[in-house]
Amino acid sequence: RMELSITLCNLAFCYLESGQLDQARCLSEEVLTIRKRKLPPSHPLLAEAMGRLSVCYLAQGRLEEAIPLADALRHASTALPDGHPYLGFYLYGVAECHRQTGAFDESVEFYERAMDIFGHHLPRHSTALATVKRD
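Attention in this report is confined to the structure presented alongside it. (Residues numbered from 1 in each chain as written. Predicted model: local features only at pLDDT ≥ 70, side-chain atom pairs only at ≥ 80, totals over all residues. Heavy atoms only, no water.)

This part takes up the overall build of the protein. Within the protein, the regular secondary structure consists of 7 helices and 0 strands. Going residue by residue from the N terminus, the α and β elements of the protein occur as α-α-α-α-α-α-α. For the protein, the proportion of its 135 residues judged to be buried stands at 46%. The long-range fraction of contacts in the protein, counting pairs at least 24 apart against all pairs at least 6 apart in sequence, stands at 56%. Taken as a whole, the protein presents about 7,000 Å² of accessible surface, with 55% of it coming from carbon and sulfur. (Helix = DSSP H or I, 4+ residues; strand = E, 2+ residues; numbered from the N terminus. Buried < 20%, exposed > 50% of the residue type's maximum accessible area, 1.4 Å probe, protein only. Contact = heavy atoms within 4.5 Å. Areas by Shrake-Rupley, 256 points an atom, 1.4 Å probe, with all protein chains shown as cover.)

With that settled, the discussion passes to the nonpolar core. With 41 residues, the main nonpolar core has L32 and L91 as its most contacted residues. Considering every element that reaches this core, the biggest residue donor is helix α3 (residues 44–59), with 10 residues. When sequence neighbours within four positions are dropped, the list of residues in contact with L32 reads L46, A49, M50, L53 and L69. (Core = buried A, V, L, I, M, F, W, Y, C linked by side-chain atoms within 4.5 Å.)

With 16 residues, helix α5 (residues 85–100) should cover 22 Å at 1.5 Å per step; its first-to-last C-alpha distance of 23 Å lies within 8% of that length. Of all the positions in α5, only L87, G88, F89, Y90, L91, Y92, G93, V94, A95, E96 and C97 are classed as buried. (Expected span 1.5 Å × (residues − 1).)

Right, let's get into the environment of P44. Note on placement: P44 falls in helix α3. Residues P44 and A79, spaced 35 residues apart in sequence, show a C-alpha to C-alpha distance of 7.0 Å. Contact partners of P44, with chain neighbours within four places excluded, come to L80 and Y86.

Next comes the structure, spelled out in structure tokens:
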């Protein structure tokens, strides 16, 4: 099932990049369910799944679901080294949560860190990178 979760995660990212948010969210929820059953709480693949689902929720304006996920992700991401690509999704989700609740000053630091990570690990024309740069 872990191999399936990797494929589903990649497909969800493609849906997210192409603006197919419902499909991205559904697959991201499935990935998180699989990984929660199979992985320890601090595993990087679990943090990746939480970060991507949080971004999907935010893209759909579902802040009430994104905030608790971003909080949970804060604990799951502690095992990730600084600059790890999965950490970028966490940082972006937290920045978006701060921005959407009006805490603009707090969001800037998280956006800048996410942009730095994404800039090193995503293609130059990635929608995710463009979104972080725009925000």
